[in-house]
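Analysis of the macromolecular model
One letter stands for each residue in the lines below.
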Amino acid sequence: MLTIPNLLTLSRIAAVPLLALLLWWPHWQAGQVSAFILYCVVGVTDYFDGYLARAQQSVSKLGIFLDPIADKIMVAAILLMLVAVQRVEGIHVIAAMVILIREIAVSGLREFLAGLSVSVPVSQLAKWKTTLQFAALGALILVGALPGHDWVMVTGLAALWAAALLTVVTGFDYLRAGLRHMD
């Protein structure tokens, strides 16, 4: 079922290796600018795949399956690359780890609950968490394109910590909802 929304989602997954490659050379400013532009394009496709699926009434099981996976693959890859090139370092790695751990745990919980035919809807707070997370990653990618602009780094790290905090809160919300369905 390769609809336009599903192709957009697949394009997000396909863009991850290129994004990681561009981030690999942190002192190559043109690569960092390209990484930021690609990240923004990927973000736009994230919006439009869902919008088009709903507008065209073509929401599919494949799309429902792939969309959160595409987001998690992209977030994990970018966080790993930002740590690898030491843009996220020291204590800030803890914020990145919190985000990764929550993503894995919530995915496992959703998989378990799906086996019980239980759906856990995405909360408004979780949407804010995702927005903050994407803003943080965008700012931290932009740091490489704008050397000497320390405010971009400070903003990115502050948003990363805010996202990590919301990650913990929403992770507990999902866990609490899931525990009701466990023996």
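This section reports on the structure supplied with the text. Just so you know, these numbers come straight off a predicted model, no measurement behind them. (Residues numbered from 1 in each chain as written. Predicted model: local features only at pLDDT ≥ 70, side-chain atom pairs only at ≥ 80, totals over all residues. Heavy atoms only, no water.)

1. Remarks on helix H3 (residues 61-84)
An α-helical turn contains 3.6 residues, so any two residues separated by three or four positions project in the same direction. Helix length check: H3 (24 residues) gives 35 Å between terminal C-alpha atoms against 34 Å at 1.5 Å per residue, within 8%. For H3, the secondary structure elements touched by its buried residues are helix H1 (4-24), helix H2 (29-55), helix H4 (92-115), helix H5 (124-145) and helix H6 (150-179). Just beyond H3, the residue with positive phi is glutamine 86, at close to 60 degrees. (Helix = DSSP H or I, 4+ residues; strand = E, 2+ residues; numbered from the N terminus. Expected span 1.5 Å × (residues − 1). Contact = heavy atoms within 4.5 Å.)

2. Re the packing of H2 against H3
Between H2 and H3, the least distance of the axes is 11 Å, while the angle of their chain directions is 160 degrees. Between H2 and H3, the angle is such that the two are roughly antiparallel. Judged by the twist between their axes, the crossing of H2 over H3 is left-handed. Within the contact between the two elements, H2 uses Tyr39, Val42, Asp46 and Asp49 and H3 uses Asp67, Asp71, Met74 and Ile78. In terms of residue class, the contact of H2 with H3 is made up of 4 nonpolar, no polar and 4 charged. (Axes fitted to C-alpha atoms, helices over the stretch in contact; angles between N-to-C directions. Parallel < 35°, antiparallel > 145°, perpendicular 65-115°, else oblique. Left-handed = near helix turned anticlockwise from the far one by under 90°. Nonpolar A, V, L, I, M, F, W, Y, C, P; charged D, E, K, R; others polar.)

3. Some remarks on the packing of aromatic side chains
Evaluation of the coordinates by the stated rule reveals 4 aromatic pairs. Centre to centre, the rings of tyrosine 47 and phenylalanine 48 are 5.1 Å apart; their planes meet at 75 degrees, and the pair counts as edge-to-face. Seen from their ring centres, tyrosine 47 and tyrosine 51 are 5.9 Å apart, and the 15 degrees between their planes marks the pair as stacked. Taken together, the residues tyrosine 47 and tyrosine 51, both in helix H2 and 4 residues apart, mark about one turn of the helix. Owing to a relative accessible area of 41%, tyrosine 51 belongs among the partly exposed residues under this scheme. Ring pairs connect the aromatic residues Tyr47, Phe48 and Tyr51, which therefore count as one cluster. (Phe/Tyr/Trp six-rings, centres within 6.5 Å; stacked < 30°, edge-to-face > 60°. Buried < 20%, exposed > 50% of the residue type's maximum accessible area, 1.4 Å probe, protein only.)

4. Side note on the environment of threonine 130
Secondary-structure assignment places threonine 130 in helix H5. In this structure, the C-alpha to C-alpha distance between threonine 130 and alanine 163, residues 33 residues apart in sequence, is 7.4 Å.

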